[in-house]
Amino acid sequence: MARHKPAVRSLPFDTHPTALSAPLLVWFDAHHRKLPWRSNRDPYRIWVSEVMLQQTTVTAVIPFFERFLAAFPTIVALAAADEQRVLKLWEGLGYYRRARHLHAAARQLVASHPGELPNDPDVWHSLPGVGRYILGAVLSQAFDRALPIVEANSLRVLARLFGYRGDPREGEGKAWVWSAAESMLPQKRVGDFNQALMELGSLICTPTRPACEKCPLAAQCVAHSEGLQEKIPPPKRQPVITAVSEVGIVIRRGKQILLCRRPANAGRWQNMWEVPHAERIEGEELSVAAVRVAKELTGLTVKPGDEIIAIRHSVTRYRITLACVEATAAKGTFAPGFYTEAKWLTVAELADYPVSAPQRKLVNALVSARDG
Ligand code: SF4
């Protein structure tokens, strides 16, 4: 049986790439945002910004980018840094695997190519965390290499422009959108062109109600001419949400609190710090769960107290309610098991350790309680 192929409309104009790139570049020159990573073509700055921008908005990234570059102005400085410092400066951006990969890749590059960031796709392709998007984004912007990029914004622009009716995020659609991006690359200013596609998606060709009247590609756009902007691309398939109930335990010994370090092979938040927490058994009382989880994760016998705060957060398709209780360490000493190490710290000292966003909310609540 013949496989279904999503329809690709032919363009209602001369498909020579300059028919698209020329007006897009004119628009980009006039309207692009002045962003800190656009101040020069330093491949290191571009690379850091592109890693940060994956899954994160431009507005959210700017302060993190500036702090990170102030701490690690060069790839050599980043490679020499302790991983805990890198994670601490990434704290709040989420997706910490990106930071660990960036750090590991910096070390690899400094060892193999001291003094330069090479204009060589093979070298970049071998680095941890560098996929087709990062490769194209860095090498096209820094060296004008003829490499395409596809991310959420450019994907939307390309699908609408060409009137692509399938899902460009999956299977054949994914291959189609990359080849469409490649087919449009101009001879010169490839990096600017790639940025222009993303910028157009971010500022004009927005997910809902795109401002087609301001779009430099409106005359050539299939979705615009057929009134299909809101239908292309199709909405993302939404995952089934699962509710999870967790207990977190603030174990106190005098004025100190036990903070534990997650292992390097933990599914998420690897090597970061936290108060012990785990899922509750269905129907389990909070105080019973606190005693059980403290014993299982730290080896300590605790006496549970009051609930301090309930923190709601999401991880992929899980909606987690983390109910945090106070407890005093009654018996035993910390025993590494799941956690690799632990420290008894004052509330003030908790600020120095990289923790996840929900754990930072808990720490903030502890700081407020101390000061309140
Ligand atoms: S004309 Fe409208 S739908 Fe088409 S690319 Fe421009 S903003 Fe997007």
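Residues numbered from 1 in each chain as written. Predicted model: local features only at pLDDT ≥ 70, side-chain atom pairs only at ≥ 80, totals over all residues. Heavy atoms only, no water.

Chemist: Can you explain the site of the ligand? Please cite residues and give values.
Modeler: The ligand sits among R160, I204, C205, P210, C212, C215, A218, C221, H224 and Q229. Residues of the shell around the ligand, tallied by class, amount to seven nonpolar, two polar and one charged. (Near = heavy atom within 4 Å. Nonpolar A, V, L, I, M, F, W, Y, C, P; charged D, E, K, R; others polar.)

Chemist: Pulling in residues and values, what's your account of the confidence of the model for the chain?
Modeler: For the chain, per-residue confidence averages 93 on the pLDDT scale, and residues scoring 70 or more make up 95% of the total. Confidence, read as mean pLDDT per element, is least for helix α14 (residues 357–371) in the chain (92) and greatest for helix α13 (residues 286–298) (98). Contacts for the low-pLDDT stretch residues 1–13, under 50 throughout, to residues beyond four places or in other chains number 26 contacts. (pLDDT = per-residue confidence, 0-100. Helix = DSSP H or I, 4+ residues; strand = E, 2+ residues; numbered from the N terminus. Contact = heavy atoms within 4.5 Å.)

Chemist: Can you break down the environment of Q108 residue by residue, with the values?
Modeler: Within the element layout of this structure, Q108 appears in helix α6 (residues 96–112). Through-space distance from the C-alpha of Q108 to that of V138 is 17 Å; in sequence the pair is 30 residues apart. Not counting residues up to four positions away in its chain, the partners in contact with Q108 are S126, L127 and P128. Side-chain polar atoms of Q108 contact the backbone oxygen of S126, separated by 3.5 Å. (Polar contact = N/O pair within 3.5 Å; in protein donor to acceptor, adjacent residues only side chain to side chain.)

Chemist: Mind laying out the side chain of E199, listing which residues take part and the relevant values?
Modeler: Secondary-structure assignment places E199 in helix α11 (residues 190–203). At a separation of 2.8 Å, a polar atom in the side chain of E199 contacts the side chain of R33. In this view, E199 contacts W27, F28, H32, R33, R38 and I204; residues no more than four positions away in its chain are not counted.

Chemist: Any chance you could break down the domain arrangement of the chain for me, citing the residues and the numbers?
Modeler: Taken domain by domain, the chain consists of domain 1 (18–226) and domain 2 (242–371). Between domain 1 and domain 2, the C-alpha centre-to-centre distance is 37 Å. At the interface, eight residues of domain 1 touch 15 residues of domain 2. Of the roughly 860 Å² buried between domain 1 and domain 2 on both sides combined, carbon and sulfur atoms contribute 41%. R360 is the salt-bridge partner of E91, the closest N and O atoms lying 2.5 Å from each other. Scanning the region where domain 1 abuts domain 2 turns up seven residue pairs in polar contact (both at pLDDT 80 or more). (Domains from an automatic or database assignment. Buried area = accessible area lost by both parts, 1.4 Å probe. Salt bridge = Lys/Arg side-chain N within 4 Å of Asp/Glu carboxyl O.)

Chemist: Account for the packing of helix α8 (residues 132–143) against α11, naming residues and giving values.
Modeler: At a minimum axis separation of 7 Å, α8 and α11 run at an interaxial angle of 125 degrees. Our classification of the angle between α8 and α11 gives oblique. The chirality of how α8 crosses α11 is left-handed. Here α8 contributes Y133, G136, S140 and Q141 to the contact with α11, which in turn contributes V190, G191, N194, Q195 and M198. Across the contact of α8 with α11, the residue classes break down as three nonpolar, six polar and no charged. (Axes fitted to C-alpha atoms, helices over the stretch in contact; angles between N-to-C directions. Parallel < 35°, antiparallel > 145°, perpendicular 65-115°, else oblique. Left-handed = near helix turned anticlockwise from the far one by under 90°.)

Chemist: Give me the side chain of T56: which residues, what numbers.
Modeler: With respect to the element layout, T56 can be found in the loop between α2 (43–53) and α3 (58–71). A relative accessible area of 18% places T56 in the buried class. Here M52 takes part through its backbone oxygen, which lies 3.3 Å from a polar atom of the side chain of T56. (Buried < 20%, exposed > 50% of the residue type's maximum accessible area, 1.4 Å probe, protein only.)

Chemist: Please provide a residue-by-residue account of the nonpolar core, values included.
Modeler: With 51 residues, the main nonpolar core has Y44, W47, M52, F68, W90 and W124 as its most contacted residues. Of all the secondary-structure elements, those providing two or more residues to this core are α2, α3, α4 (75–80), α5 (83–90), α6, α7 (121–125) and α8. Counting contributing residues per domain, this core is built from domain 1 (18–226) and domain 2 (242–371), each supplying no fewer than three. Non-local contacts of W90, meaning those with residues more than four positions away in its chain, are made with V51, M52, F64, F68, Y95, Y96, R98, A99 and L102. Of all hydrophobic cores here, the second largest spans 35 residues; its members include A181, M184, V190 and C215. (Core = buried A, V, L, I, M, F, W, Y, C linked by side-chain atoms within 4.5 Å.)

Chemist: Residues and numbers for the environment of P235, please.
Modeler: By the element assignment, P235 lies in the loop between α12 (222–226) and β1 (242–253). Separated by 68 residues in sequence, P235 and D167 have C-alpha atoms that sit 8.5 Å apart.

Chemist: Which residues make up the pattern of salt bridges, and what values go with them?
Modeler: Considering all chains together, one arrives at 17 salt bridges under this definition. Residue E170 pairs with R237 through a salt bridge whose shortest N-O separation is 2.8 Å. Remark: R237 occurs in the loop between α12 and β1 and E170 occurs in the loop between α9 (152–162) and α10 (171–183); sequence separation between them is 67 residues. Taking relative accessible area as the criterion, E170 reaches 39% and is therefore assigned partly exposed. A salt bridge links D371 to R370; its shortest N-O distance comes to 2.8 Å. Residues joined in a network through salt bridges with shared partners are D29, R189 and D192.

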